[in-house]
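Descriptive structure summary
Single-letter residue listing:
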Amino acid sequence: MAKRGPDSGMSGDHPKRRSHGKPMIKMLCPFYCAGAIIGKGGETIKDLADKTDCDLKISKNDERFPTTSERVISIQGNQAALEECVLFVQDKIRKDTPPPNAKTESHTINAKRKEACKLVVSDTSAGRIIGKGGCRIKELKDDYNIVINISRKDEMPRGFEERCVSVEGDANNVDMCVKE
């Protein structure tokens, strides 16, 4: 099989999606859930990409978001498709379990992790979520009865311009808040 050239526009037998200029969202996924999202031979993620016409990429197993053990999923497509992909990933996270050899505390951490949706946002977007004097984040917390934690800039490596936003609570409330 010949290597794909920069202008061929093909990835295997499937045309390359044209997502340039479309919105992108990044979210975190526990490393042990990535397999459930990718699927056997990549079938699950390929089917999701075909169904939604989104570009989905998952960081390699040894590439984790700073200060976490979680992999990054980048999703690019139109707004409705982004929402569908985020909900799909969240569903996989909520239904997956840690590997059988995981320590007992991992199961406790996993139960808490299932209550959260973790998004990766730019520093400027984090500021918009917080709002002037914290009014926007307080409004979201009150409207959806959820907890929102945003990693501090000083917790990230020097020069890193993204932060993690963790939205935690009842699954339906979390999903509605993330859509907003």
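Residues numbered from 1 in each chain as written. Predicted model: local features only at pLDDT ≥ 70, side-chain atom pairs only at ≥ 80, totals over all residues. Heavy atoms only, no water.

1. Details of the nonpolar core
A general tendency of soluble globular proteins is for nonpolar side chains to be buried together. In this structure, Met27, Leu56, Ile73, Ile75, Ile148 and Val167 are the most contacted members of the largest nonpolar core, which totals 34 residues. Broken down by element, the residue count for this core peaks at 6 residues, all from helix α3 (residues 79-95). Among residues more than four places away in sequence, those in contact with Val167 are Glu115, Ala116, Cys117, Ile146, Val147, Ile148, Val174, Cys177 and Val178. One finds Leu28, Val72, Val120 and Met156 within the second-largest nonpolar core, a separate group that totals 6 residues. (Core = buried A, V, L, I, M, F, W, Y, C linked by side-chain atoms within 4.5 Å. Buried < 20%, exposed > 50% of the residue type's maximum accessible area, 1.4 Å probe, protein only. Helix = DSSP H or I, 4+ residues; strand = E, 2+ residues; numbered from the N terminus. Contact = heavy atoms within 4.5 Å.)

2. Some remarks on the confidence of the model for the protein
The predicted model of the protein averages 86 in pLDDT, with 86% of residues at 70 or higher. Predicted confidence is poor over residues 1-15, with pLDDT under 50, and the contacts of this stretch with residues over four places away or in other chains come to 10 contacts. (pLDDT = per-residue confidence, 0-100.)

3. Considerations on the sheet that holds strand β3 (residues 24-30)
Pairing in this open sheet of 6 strands is antiparallel, and the strands run β4-β5-β3-β6-β8-β7 from one edge to the other. Looking at strand neighbours, the two that pair on one side only are β4 (55-58) and β7 (147-150), the edges of this open sheet. Averaged over all pairs of adjacent strands, the angle between their axes in this sheet comes to 25°, without regard to strand direction. Both β7 and strand β8 (residues 162-168) contribute to a ladder of 4 bridges, which runs antiparallel. Opposite Ile150, over in β8, you have Val165 as the bridge partner. Contacting β3, β4, β5 (70-76) and β6 (116-122), α3 runs over the sheet at an angle of about 5° to β3. Here helix α7 (residues 171-179) sits on the sheet and contacts β6, β7 and β8; the angle it forms with β8, its principal contact strand, is near 140°. (Pairing = 2+ DSSP bridges. Axes fitted to C-alpha atoms, helices over the stretch in contact; angles between N-to-C directions.)

4. Re the packing of helix α5 (residues 123-130) against helix α6 (residues 135-144)
Where α5 contacts α6, the axes come no closer than 5 Å and their chain directions differ by 65°. Counting all contacts with α5, which are made through Arg128, Ile129 and Ile130, the residues of α6 involved are Cys135, Arg136, Ile137 and Leu140.

5. With respect to the side chain of Asn173
Along the polypeptide, Asn173 turns up in helix α7. Beyond its immediate sequence surroundings of up to four residues, Asn173 is in contact with Tyr144, Asn145 and Ile146.

6. What to know about the environment of Ile45
You can see Ile45 is positioned in helix α2 (residues 43-52). For Ile45, the contacting residues outside a window of four places in its chain are Ile37, Ile38, Leu56 and Ile58.

7. A look at α3
Here α3 is 17 residues long and its end C-alpha atoms lie 25 Å apart, about the 24 Å a rise of 1.5 Å per residue gives. For α3, the set of buried residues is Ala81, Leu82, Cys85, Val86, Val89, Gln90, Ile93 and Arg94. Two or three places before Ala80, at the start of α3, stands the capping residue Asn78, its side-chain oxygen 3.2 Å from that residue's backbone nitrogen. (Expected span 1.5 Å × (residues − 1). Polar contact = N/O pair within 3.5 Å; in protein donor to acceptor, adjacent residues only side chain to side chain.)

8. Notes on the pairing of β5
With 7 of 7 residues buried, β5 is to be regarded as a mostly interior element. Direction of pairing for β3 relative to β5: antiparallel, over a ladder of 7 bridges. Pairing of Lys26 across the sheet is with Ser74, part of β5. In this sheet, β5 lies alongside β4 in antiparallel orientation, the contact comprising 4 bridges.

9. As for the pattern of salt bridges
One pass over the structure, following the stated rule, counts 15 salt bridges. Put simply, Glu139 and Arg136 hold a salt bridge, and the shortest N to O gap is 2.6 Å. Of the two residues, Glu139 and Arg136 both sit in helix α6, 3 residues apart, roughly one turn of that helix. Using a relative accessible area of 24% as the deciding quantity, one classes Arg136 as partly exposed. (Salt bridge = Lys/Arg side-chain N within 4 Å of Asp/Glu carboxyl O.)

10. Regarding the side chain of Arg163
Here Arg163 lies in strand β8. Accessibility expressed as a relative area gives 13% for Arg163, which makes it buried. Within the structure, Arg163 has its side chain in polar contact with the backbone oxygen of Ser151 (distance 2.8 Å). The residues touching Arg163, leaving out its near neighbours within four places in the chain, are Phe65, Leu119, Val120, Val121, Asp123, Ala126, Ile130, Ile150, Ser151, Arg152, Lys153 and Met156.

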